Amino acid sequence: MSHFVSILLLAVTLTLTLCFGVAAWRLSASKDLDITATIPHQEYGWRPKHNN
C-alpha cells in the first residue's frame, strides 16, 4: 500500500509540475517582449551624467 501511495504522489507531482510549466511557458510566450533590446548608456550606464 505504501508503495502505491508513493508512486501516486510522484505521478501527481510530475503532472502538476508539467501543467504549471506549460502554463508559465505559454504565458511568457504570449507577451511580445524584446529581451534583446539594448539600454542606452547615457541614461542607465555606469558613468555619471555631466551637468553643464
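Each chain has its residues counted from 1, running along the sequence as written. Only residues with pLDDT of at least 70 are given local features in this predicted model, and only at 80 or more are side-chain atom pairs given and counted; all residues enter the totals for whole chains, interfaces and linings. Neither water nor hydrogens contribute to the side-chain values; these are computed over all heavy atoms in the structure.

S.K.: Is there a simple way to explain the overall build of the protein chain in this structure?
M.R.: Put simply, DSSP H or I for four residues or longer makes a helix, DSSP E for two residues or longer makes a strand, and each gets a number counted from the N terminus. When you go through the protein chain residue by residue, the secondary structure sums to two helices and zero strands. Counting every position in the protein chain, which comprises 52 residues, the buried fraction comes to 0%. To be clear on the numbers: accessible area is Shrake-Rupley with a 1.4 Å probe, and residue cover counts the displayed protein chains and nothing else. Counting every atom, the protein chain has about 5600 Å² of accessible surface; 67% of that belongs to carbon and sulfur. Type-normalised accessible area, obtained with a 1.4 Å probe on protein chains alone, sets the label of each residue: buried when under 20%, exposed when over 50%, and partly exposed for intermediate values.

S.K.: How should I be thinking about a nonpolar patch on the surface in this particular structure?
M.R.: Only residues above 30% relative accessible area that lack a salt bridge enter a patch, with like-charged residues linked at up to 9 Å and the nonpolar side chains Val, Leu, Ile, Met, Phe, Trp and Tyr linked at up to 5 Å. Salt bridges are defined by distance alone: a side-chain nitrogen of Lys or Arg within 4 Å of a carboxyl oxygen of Asp or Glu. A cluster of nonpolar side chains, namely Met1, Phe4, Val5, Leu8, Val12, Leu16 and Phe20, defines an oily patch on the protein surface of about 780 Å² accessible area. Mapped onto the elements, Phe4 comes out in helix H1 (residues 2-30).

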